Structure formats: structure tokens, C-alpha cells
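Analysis of the macromolecular model
As a plain string of letters, each chain reads:
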Amino acid sequence: MPRQSRKRMDGKLKGHAALWVANIIWGLNAPIGKSVLWSETHPQGVSPFALSVYRMLGACLLFWSVSFFLPRERVARRDIVLLLFAFVPQFGAEGVWVSVFTAISAFCNAGFDLFGRFGAYSSLVPYVNNYYVQAVIMFMIMAGGLGFMVWVELAEYRKKRRLSLHAKVVLQFSVIFWVGGAVLLALLEWSNPRTMGGLSVPGKIMAALFQSVSTRTAGMNTVDLASCGTLSKLLMSVLQFIGAAPGSTGGGVKVTTFAVLILTIRSVAQGRDDCVIADHHIESKTVYRALTIIVLGAAAAIGSAIVVYYNTSDAVSVVDAIFESCSAFGTVGLSVGVTSQLNNGAKILYMLVMFMGRVGPVAFAMSLTAKPDDNKRKIMPVGHINVG
């Protein structure tokens, strides 16, 4: 094998290994964190503030140790500063910590917040009329959800004057889901007095847009999700399942995976034998991987919802079980308030779904790229099956 090809192969293996390890750590983060949190049924647990401090200190120590072996990079502090103007006047000196925590949580699409002091599952509901806070947090959620590869291309756009097909698909479908989700949520919840009914017209628009952006794996909300209608919960479940972009801080099956499936359906409906996106032919193996990831993800989400419902039907409705399962699979963090009512078996199942949602789809996609040499050289007869 040529030296240049060997270097490229080594780089890919290192990148895949780093991504695999990072996904395992991220997948374990949510279930372990929730299992040690304090609650009325778990009085020996630690407080959310203490857990946050432990995580921050541990992360600082880890990254400080790793920094000795990596080149130095500069991190922009603009988003944290923007939140200082809102939280410092309200919380005083503690507002600095609240701003830092909220900014990191929003950019990382983590779903954690420090606003439980306003009530259980309150999240950003107290700020439903604060458009400034919502706008800043939405921008950070979008920034983390687009993916670092897309941001690199956007930063270099003034020089190259072109975007890759990947960046175009991510940007176009992200806007479609953000705007389309906001429009549908606004129509469904416009007159609901328990969610958006009591807000002004600009407040309803902002609340709908925030929910549409946040359900793409960010895990923050400005309205009471438990009071939303059935169709709204199902719509948000779909958005949670789709998730963010590849290489981003969000979860889900990824927006490009869903885009490939939708555009493949369009191509077949137009009489084509392949998937075409923006005058580009998409390889069949990419379509197969996208279909596999979506089917496996849907099986995990719907299957866990069915199991949870039939074991806790006295406390959880079908729609709420689907919502919680999609939230777990997409590692979103949103809840309609039924997680605390689940039995231990259901909680363990959701932990496994969270782990699979963060590690599984990526692991399956990576495994599908490695095919034995025998299969590549073997010539097989063409089989004909009537479908449809």
C-alpha cells in the first residue's frame, strides 16, 4: 500500500476511534447523570448544582491534561457574554455561573439547565416573554446543531464561493425543519390556553420557533410540554427523532440521513432508479445506510415506547410514551413529566435507548462502511422481486 494511502487510512481510523470513544462517553453521560441526581424518591442523590460542578471540574481536568499533547486553540466567549446581560441583573453574581452553564448546555445540545428553582420541569418557561434570552439560546442551539464541518465551510465561503453538497443539504433541510416545525406548532397550539393561548402574537411566534429549534435535540422549552396537544407531541417526537446534523453536538438519526431517505422517495416517484440531490448522484450504499439507520432507530424508539406503555399504562399514555422514547433515543432531554412516574424497569430501558441513540446509529453507519474483500470480488446473480 502506498505511504500516502496508508496515512489517509490511519487518519480515518484515528478519527473513527476518537468519534467512537466520544460517543460512548456522551451516551453514558445522560443515564449516569440522571441516576445520581437527587429527587424525592432518591434522597441520597446529589443536587443538580453539585452534579454540574463535578462534571465541569472533571471536564476541566481532563481537557487540561489532554491540552499538553494538542495545539492551542482560541474559544469565542461572545455567547456567554450575551447571556450575562440577562442573567446577572436577575441572579447577581450567580448569574455569571448561570450564563456560562446555559451557554455551554445550549451549544452542546445537552438539555440541562439551572432553572428548576422556578418549578419542576420549568426549564425556560419563565422566559417565554423574554425574546432576547430565547434568541441567544436559539442561536447557540443552531450553532451546535449544524455541525463543525458546516461551520468550517461557511467560514471559508468568502474565499471559495462554494459549498459542498453536504453543507447545502444540512442548511436547507435544517431551515425546512426549523421553519416548518414552528409553523405547525403555532397552528396546533395557537389557541391552547395552557401553552401559547395567553401569549401575544409575537410571543406565540417566538415560542413556536423556540420549541421547533429546541426539539432538534437541545432539550429546553419555553412552554409546558405536558399541556401540549396530542398532534403537537407527535410532531415534536418526529423532530426529536430526526435530530441535528452529522458531526454536531446533537443526536437523532441526523438530518442528512432523513434527507437522503426523503429525496430517494422523490427520485423513485419520478421514475428514477437512483437518488439524485442537486444534480448529484447519491451512491446506493449511502441510501442503504440511511435506510438502515432510520429503521433501526425507529425500531428502538417505537419498541421501547410499546414496552414502557404496556408496563406503565396506568401512569403513561401512548403519546407520552412515544414522546419520552423519541427524546431518549435522540438524547434530547425534553420530558412531558412522566419519567419520574416510570418503574425501574422502564427507566433502565430508557437508559439503554439513550445509550443506543448516541452510540448506535454512528456505530452502525461505521460498521456498514467496512465490507469484506470477498463480497467485493464475488459476482452474484441478479434477483427479481415484485414490490408495491
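Report follows, based on the coordinates.

**Section: the overall build of the protein chain**
- Looking only at helices and strands, the protein chain has 15 helices and two strands in total.
- For the protein chain, contacts bridging at least 24 residues in sequence account for 64% of all contacts bridging at least 6.
- Summed over its atoms, the accessible surface of the protein chain is roughly 21900 Å², and 66% of this surface lies on carbon and sulfur atoms.

**Some points on the pattern of salt bridges**
- By the definition in use, this model includes three salt bridges.
- Note that Glu156 and Lys160 form a salt bridge whose closest N and O atoms lie 3.1 Å from each other.
- Residue Lys160 is classed as exposed on the basis of its relative accessible area of 55%.
- The partner of Asp320 in a salt bridge is Lys233, and the shortest N-O contact between them spans 2.9 Å. Here Asp320, found in helix α13 (residues 318-329), pairs with Lys233, found in helix α10 (residues 230-242); they are 87 residues apart in sequence, far enough to count as distant. Residues Asp320 and Lys233 agree in their burial class; the two are buried.

**Considering the packing of aromatic side chains**
- One pass over the structure, following the stated rule, counts 11 aromatic pairs.
- Arranged with centres 6.2 Å apart and planes meeting at 50°, the rings of Phe173 and Phe177 form a pair that is tilted. Here the residue Phe173 and the residue Phe177 both occupy positions in helix α8 (residues 165-189), the gap between them amounting to four residues, near one helical turn. For the pair shown, Phe173 and Phe177 are each scored as buried.
- An aromatic cluster is built from Phe87, Phe91, Phe115 and Tyr127, whose rings are joined through pairwise contacts.

**Notes on the packing of α8 against α10**
- Contact geometry for α8 and α10: axes closest at 9 Å, N-to-C directions at 165°. Looking at the two axes, α8 sits roughly antiparallel to α10. You can see that α8 and α10 cross each other, and the crossing is left-handed. The residues of α10 that touch α8, namely those facing Phe177, Gly181, Leu184, Leu185, Leu188 and Glu189, are Leu231, Ser232, Leu235, Met236, Leu239 and Ile242.
- The residue makeup of the contact of α8 with α10, split by class, is nine nonpolar, two polar and one charged.

**Re a nonpolar patch on the surface**
- On the surface, Val175, Val179, Val183, Leu184, Leu187, Leu188, Leu231 and Leu234 cluster together to form a nonpolar patch covering roughly 710 Å² of accessible area.
- Counting residues per element, the ones that place at least two in the nonpolar patch are α8 and α10.
- Looking at the nonpolar patch, the element that brings in the most residues is α8, giving six residues.
- When you line up the elements, Leu188 lands in helix α8.

**Section: α8**
- With 25 residues, α8 should reach 36 Å at 1.5 Å per residue; the first-to-last C-alpha distance of 35 Å fits that figure.
- For α8, the full list of buried residues reads Ala167, Val169, Val170, Phe173, Ser174, Phe177, Trp178, Gly181, Ala182, Leu185, Ala186 and Glu189.
- Structurally, α8 contributes buried residues whose contacts are with α5 (131-146), α6 (148-155), α9 (201-214), α10, α11 (255-269) and β1 (275-277).

**Points about empty space enclosed by the protein**
- Applying the stated criterion across every chain yields a total of two cavities of 30 Å³ or more.
- Reported here for the largest cavity is a volume of approximately 60 Å³.
- Contributing to the lining of the largest cavity are Asn109, Ile141, Met142, Gly145, Trp178, Val213, Arg216 and Ala244.
- Top contributing element to the lining of the largest cavity by residue count: α5, with three residues.

**Focus on the packing of helix α12 (residues 284-311) against α13**
- Contact geometry of α12 with α13 gives a least axis separation of 8 Å together with a crossing angle of 135°. The orientation of α12 with respect to α13, classified from their angle, is oblique. Both α12 and α13 take part in a crossing whose hand is right-handed. Contact residues: Gly297, Ala300, Ala301, Ser304, Ala305 and Tyr309 in α12; Val318, Ala321, Ile322, Ser325, Cys326 and Phe329 in α13.
- For the contact of α12 with α13, the per-class residue count stands at nine nonpolar, three polar and no charged.

About the cut-offs
- Residues numbered from 1 in each chain as written.
- Predicted model: local features only at pLDDT ≥ 70, side-chain atom pairs only at ≥ 80, totals over all residues.
- Heavy atoms only, no water.
- Helix = DSSP H or I, 4+ residues; strand = E, 2+ residues; numbered from the N terminus.
- Contact = heavy atoms within 4.5 Å.
- Areas by Shrake-Rupley, 256 points an atom, 1.4 Å probe, with all protein chains shown as cover.
- Salt bridge = Lys/Arg side-chain N within 4 Å of Asp/Glu carboxyl O.
- Buried < 20%, exposed > 50% of the residue type's maximum accessible area, 1.4 Å probe, protein only.
- Phe/Tyr/Trp six-rings, centres within 6.5 Å; stacked < 30°, edge-to-face > 60°.
- Axes fitted to C-alpha atoms, helices over the stretch in contact; angles between N-to-C directions.
- Parallel < 35°, antiparallel > 145°, perpendicular 65-115°, else oblique.
- Left-handed = near helix turned anticlockwise from the far one by under 90°.
- Nonpolar A, V, L, I, M, F, W, Y, C, P; charged D, E, K, R; others polar.
- Patch = residues over 30% accessible without salt bridge, like charges linked within 9 Å, V, L, I, M, F, W, Y side chains within 5 Å.
- Expected span 1.5 Å × (residues − 1).
- 1 Å grid on protein atoms, 1.4 Å probe; cavity = no way out; pocket = protein on both sides within 12 Å on 5 of 7 lines; lining within 4 Å.
- Points joined across faces, edges and corners; volume = space filled by probe spheres on them.

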